[in-house]
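Descriptive structure summary
Each chain is listed here by its residues.
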Amino acid sequence: MKKIIKTNDMWKKELPSDVYIVTREKGTESPFSGKYNKNYKKGLYCCICCQNILFSSEHKFDSGTGWPSFYQPYSNDSVKHIEDDSYNMIRTEVICKQCDSHLGHIFKDGPIPTGDRYCINSTSLDFKENK
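Let me begin by describing the structure that accompanies this report.

About the criteria used
Starting from 1, residues in each chain are numbered consecutively following that chain's sequence as written. Local features in this predicted model are restricted to residues whose pLDDT is 70 or higher, and side-chain atom pairs enter the listing and the counts only when it is 80 or higher, whereas totals over whole chains, interfaces and linings include all residues. Side-chain measures were taken over the full set of non-hydrogen atoms in the model, leaving aside hydrogen atoms and water. Helix and strand definitions here come from DSSP, where helices need a minimum of 4 consecutive H or I residues and strands a minimum of 2 consecutive E residues; each element is numbered from the N-terminal end. By the convention used here, residues are in contact when the closest approach between their heavy atoms is within 4.5 Å. Paired strands are those between which DSSP finds at least two bridges. Among the buried residues, those of types Ala, Val, Leu, Ile, Met, Phe, Trp, Tyr and Cys that are joined through side-chain atoms within 4.5 Å form a nonpolar core. Between buried and exposed lies partly exposed: a residue is buried under 20% and exposed over 50% of the maximum accessible area for its type, with that area taken using a 1.4 Å probe on protein chains only. Axes, fitted as lines to C-alpha atoms, cover a helix only where it is in contact. Angles between the N-to-C directions of the axes lie from 0 to 180 degrees. Any pair of Phe, Tyr and Trp rings, taking the six-membered ring for Trp, is counted once the centres come within 6.5 Å. Such a pair is stacked with planes under 30 degrees apart, edge-to-face with planes over 60 apart, and tilted for the rest. By the criterion adopted, a ring carries a charge over it if an Arg CZ or a Lys NZ lies within 6 Å of its centre and within 35 degrees of its normal.

**Looking at the environment of Pro31**
Note that Pro31 resides in the loop between helix H2 (17-23) and strand E1 (43-47). Linking Pro31 and Gly64, residues 33 residues apart in sequence, is a C-alpha distance of 9.7 Å. With near-sequence residues (within four places) excluded, Pro31 lies in contact with Thr65, Gly66 and Trp67.

Structure (structure tokens):
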């Protein structure tokens, strides 16, 4: 996998403002507002910034939180985990392994088999439906 490195100014010129705020400034979309929260089609969820494959619809579940949730990433090349101590909380941030875009956070309250809940912003995703 080839690492994609761009300055924030480069990303700001390329991305719509809502995507830039979430993926580059670690923003969060409002719950239940994202276009993929209730998406039940079969396919792959890719990074909106670089098209790296992040998650499969096979691993998606309805967590009731208002954000798309997955119990595992697509592969070992999909995401990285980073400790996040913002807002006086200790959480684990999930970023794209290829371009370092902020995707969301991982929590340990997901379903079997992993117990993980990758809570991901729809704004950071691009869905490719299986045809």
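**Regarding the sheet that holds strand E7 (residues 102-107)**
Two strands in a sheet stick together by hydrogen bonds in their backbones, pointing the same way (parallel) or opposite ways (antiparallel). Across the sheet, 6 strands lie side by side as E3-E4-E8-E7-E6-E5; this open sheet has antiparallel pairing. Looking at the sheet topology across the chains shown, the edges are occupied by strand E3 (60-61) and strand E5 (79-84). Bridging between strand E6 (residues 91-96) and E7 involves 4 bridges; their strand directions are antiparallel. The residue of E7 that forms the bridge with Glu93 is His105.

**Points about the nonpolar core**
Counting 22 residues, the largest nonpolar core has Leu54, Phe55, Tyr118 and Ile120 as the members making the most contacts within it. Elements that contribute at least two residues to this core include exactly H2, E1, strand E2 (53-56), E6, E7, strand E8 (117-120) and strand E9 (125-129). Dropping the residues within four chain positions of it, Ile120 is found in contact with Glu29, Phe55, Trp67, Pro68, Phe70, Val94, Leu103, Gly104 and Leu125.

**Some remarks on the pairing of E1**
The buried count for E1 comes to 4 of 5 residues, which makes it a mostly enclosed element. With 5 bridges connecting them, E1 and E9 associate as antiparallel partners. From the neighbouring strand, Tyr45 faces E9, where its bridge partner is Phe127. When E1 meets E2, the two strands line up antiparallel, connected through 3 bridges. Among the inter-strand pairings, Cys46 is bridged to a residue of E2, identified as Ile53. What sits between the antiparallel neighbours E1 and E2 is a turn of 5 residues, in which Gln51 has the positive phi angle 70°.

**Notes on the environment of Phe32**
Within the element layout of this structure, Phe32 appears in the loop between H2 and E1. Along the sequence, Phe32 and Gly66 sit 34 residues apart, while their C-alpha atoms lie 4.1 Å from each other. Leave out the neighbours within four places in its chain, and Phe32 touches Asn37, Gly64, Thr65 and Gly66.

**A look at the sheet that holds E9**
Taken in spatial order, the 3 strands make up an open sheet running E2-E1-E9, and their pairing is antiparallel. The open sheet is flanked by E2 and E9, the only strands paired with a single partner. If you compare each strand with its neighbour and ignore which way they point, the axes differ by 30° on average.

**A closer look at the packing of aromatic side chains**
Across all of its chains, the model carries 6 aromatic pairs by this definition. Their ring planes at 15° and their centres at 4.3 Å tell us that Phe55 and Phe70 sit as a pair that is stacked. Of this pair, Phe55 sits in strand E2 while Phe70 sits in strand E4 (residues 69-70), and the two are 15 residues apart along the sequence. With respect to burial, Phe55 and Phe70 carry one shared label: buried. Among the aromatic residues, those joined into a cluster by ring pairs are Tyr36, Tyr45, Phe55, Phe70, Tyr118 and Phe127. It is Lys6 that lies over the ring of Trp11; its NZ or CZ is 4.6 Å from the centre. In this structure, Lys60 is placed above the aromatic ring of Tyr40, and the distance from its NZ or CZ to the ring centre is 5.6 Å.

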